Amino acid sequence: MEKKSGLGRLGTGDFFGEKSLLTGEPRGASVEAETDIEVVEIKKSSLSPILEKNPETMEELSERLADRQLVNEGFFEEIQEEKDVEEVRANYSKKFLRGMKNFFGL
């Protein structure tokens, strides 16, 4: 995701709204298309059976949420020690995984 004027820009194959979908937390941003686009909406009811059958997918998704959170907070704008990055990423990942398990009742 490229940053311009404080706004994120998404391209083909990118996604948004994942934290709200996966944890039930309120959306943290709005999205406005600059051109005609095709959007696929994934609902909780569609995702729930997938996560029930593949619990390891929740762990992978929680890691993606953690990475996005770090970027959104500007965590990488200054040089960070790798151990610090890993510790913060792991803490966010655990937080999101707990939220996902609670939200999906797993």
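The structure we're discussing is the one just above.
Predicted, not measured: the structure shown is a model, and the values here were computed from it. (Residues numbered from 1 in each chain as written. Predicted model: local features only at pLDDT ≥ 70, side-chain atom pairs only at ≥ 80, totals over all residues. Heavy atoms only, no water.)

Would you explain helix H2 (residues 44-53) in this entry?
Burial in H2 covers these residues: Leu47, Ser48 and Leu51. Angular distribution of buried residues about the axis of H2 spans 115 degrees; they occupy a single face of the element. Those residues of H2 that are exposed and angled more than 90 degrees off the buried face are Ser45 and Lys53. Of the surrounding elements, those touching the buried residues of H2 are helix H1 (18-23), helix H3 (55-72) and helix H4 (82-104). (Buried < 20%, exposed > 50% of the residue type's maximum accessible area, 1.4 Å probe, protein only. Helix = DSSP H or I, 4+ residues; strand = E, 2+ residues; numbered from the N terminus. Arc of directions from axis to C-beta. Contact = heavy atoms within 4.5 Å.)

Quick question: what am I supposed to make of a negative patch on the surface here?
Residues Glu56, Glu59, Glu60 and Glu63 make up a contiguous surface patch of negative charge. With respect to the secondary-structure elements, glutamate 60 resides in helix H3. (Patch = residues over 30% accessible without salt bridge, like charges linked within 9 Å, V, L, I, M, F, W, Y side chains within 5 Å. Areas by Shrake-Rupley, 256 points an atom, 1.4 Å probe, with all protein chains shown as cover. Salt bridge = Lys/Arg side-chain N within 4 Å of Asp/Glu carboxyl O. Lys, Arg positive; Asp, Glu negative; His and termini not counted. Charge placed at Lys NZ, Arg CZ, Asp CG, Glu CD.)

Teacher, can you tell me more about the nonpolar core here?
Most often, soluble globular proteins have nonpolar side chains that are buried together. Ranked by internal contacts, the top residues of the largest apolar core, which has 15 residues, are Leu22 and Leu47. For this core, the secondary structure elements donating two or more residues are H1, H2, H3 and H4. When residues of this core are assigned to their parent elements, the largest contribution, six residues, is made by H4. Apart from the residues within four sequence positions on either side, leucine 22 is in contact with Leu47, Leu61, Leu65, Gly99, Met100, Phe103 and Phe104. (Core = buried A, V, L, I, M, F, W, Y, C linked by side-chain atoms within 4.5 Å.)

Even after reading the chapter, I still don't get the pattern of salt bridges, so can you show me in this structure?
Opposite charge on two side chains makes pairing possible when the charged atoms of those side chains draw close. Taken as a whole and judged by the stated rule, the model has five salt bridges. Across the pair glutamate 34 and arginine 9 runs a salt bridge, and its minimum N-O distance is 2.6 Å. Linking glutamate 34 in the loop between H1 and H2 with arginine 9 in strand S2 (residues 7-9), this pair joins segments that are 25 residues apart in sequence. The exposed category is assigned to glutamate 34, whose relative accessible area is 62%. A salt bridge links arginine 68 to glutamate 18, with the nearest nitrogen and oxygen atoms 3.2 Å apart. One end of the pair, arginine 68, is in helix H3; the other, glutamate 18, is in helix H1, with 50 residues separating them in the sequence. One salt-bridge network, in which partners are shared between bridges, spans Asp67, Glu86 and Arg89.

It is not clear to me how the packing of aromatic side chains should be interpreted in this structure. Could you clarify?
Any two aromatic rings considered together are summarised by their centre-to-centre distance and by the angle between their planes. Applying the stated rule across the entire model yields two aromatic pairs. Measuring from centroid to centroid gives 6.0 Å for tyrosine 92 and phenylalanine 96, while their planes differ by 15 degrees, and the two rings are stacked. Placement of both tyrosine 92 and phenylalanine 96 in helix H4 is noted, with a separation of four residues, approximately one turn of the helix. Accessibility classification places tyrosine 92 together with phenylalanine 96 in one group, the buried group. With a centroid separation of 5.3 Å and an interplanar angle of 80 degrees, the aromatic rings of phenylalanine 103 and phenylalanine 104 are classed as edge-to-face. (Phe/Tyr/Trp six-rings, centres within 6.5 Å; stacked < 30°, edge-to-face > 60°.)

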